[in-house]
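# Observations on chain architecture
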Amino acid sequence: MEERKFPCDKCTICCRHLEMYEPAKYLDRGDGVCKYLNEQTHLCSIYESRPDFCDVRMYFEKEYKNKMSWDEFIEFMKVGCRELQENEKYKK
Ligand code: SF4
Ligand code: SF4
């Protein structure tokens, strides 16, 4: 059976709020936004060499593999993404 893909909708909100994740703070250009986020294309400009914590599969392997399954991790992450998106909506 083929492995489920993480359903990222590329909203880029996680790349715009680095203040929420201590290990990513060194990427912050000063306003919470990652210095490697291309604001025109909304894509990561270092995608192929992005840090492991930006790669959802790698993040799972390193931090969560012993705690839950990949499917459970996807559901867990989806809740986080939804919360970020809801918070962003209320800020507008
Ligand atoms: S917040 Fe979630 S859905 Fe949005 S870009 Fe990040 S991982 Fe993808
Ligand atoms: S390195 Fe790329 S994926 Fe990671 S926060 Fe920056 S723009 Fe987003």
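Every value quoted in this text rests on a predicted model; they were computed, and no experiment measured them.

Another aspect to go through is the overall build of the chain. Each helix and strand in the chain was counted, giving 3 helices and 2 strands. Ordered by position from N to C terminus, the α and β elements of the chain give α-β-β-α-α. For 92 residues, the compact-globule estimate of 2.2 N^0.38 gives 12 Å, and the C-alpha radius of gyration of the chain, at 14 Å, lies within 12% of that figure. Each principal axis of the C-alpha distribution contributes one length, and for the chain these read about 40 × 30 × 25 Å.

Taken together, the neighbourhood of ligand 2 is formed by Cys15, Leu27, Cys34, Tyr36, Leu37, Cys44, Ile46, Arg50 and Cys54. Tallied by class, residues from the shell around ligand 2 come to 8 nonpolar, no polar and 1 charged.

To continue, consider the confidence of the model for the chain. Overall, the prediction assigns the chain a mean pLDDT of 93, with 98% of residues at 70 or greater. The weakest mean pLDDT in the chain belongs to helix α3 (residues 70-91) at 92; the strongest belongs to strand β1 (residues 37-38) at 98.

Moving on to α3. For α3, spanning 22 residues, the distance from its first C-alpha to its last is 32 Å, which sits close to the expected 32 Å at 1.5 Å a residue. Among the 22 residues that make up α3, 1 are buried, leaving the element largely open to the surroundings.

Calculation rules
Residues numbered from 1 in each chain as written. Chains lettered and ligands numbered in written order. Predicted model: local features only at pLDDT ≥ 70, side-chain atom pairs only at ≥ 80, totals over all residues. Helix = DSSP H or I, 4+ residues; strand = E, 2+ residues; numbered from the N terminus. Rg over C-alpha atoms; globule rule 2.2 N^0.38 Å. Near = placed C-beta within 6 Å. Nonpolar A, V, L, I, M, F, W, Y, C, P; charged D, E, K, R; others polar. pLDDT = per-residue confidence, 0-100. Expected span 1.5 Å × (residues − 1). Buried ≥ 20, exposed ≤ 12 C-beta atoms within 10 Å, placed from the backbone.

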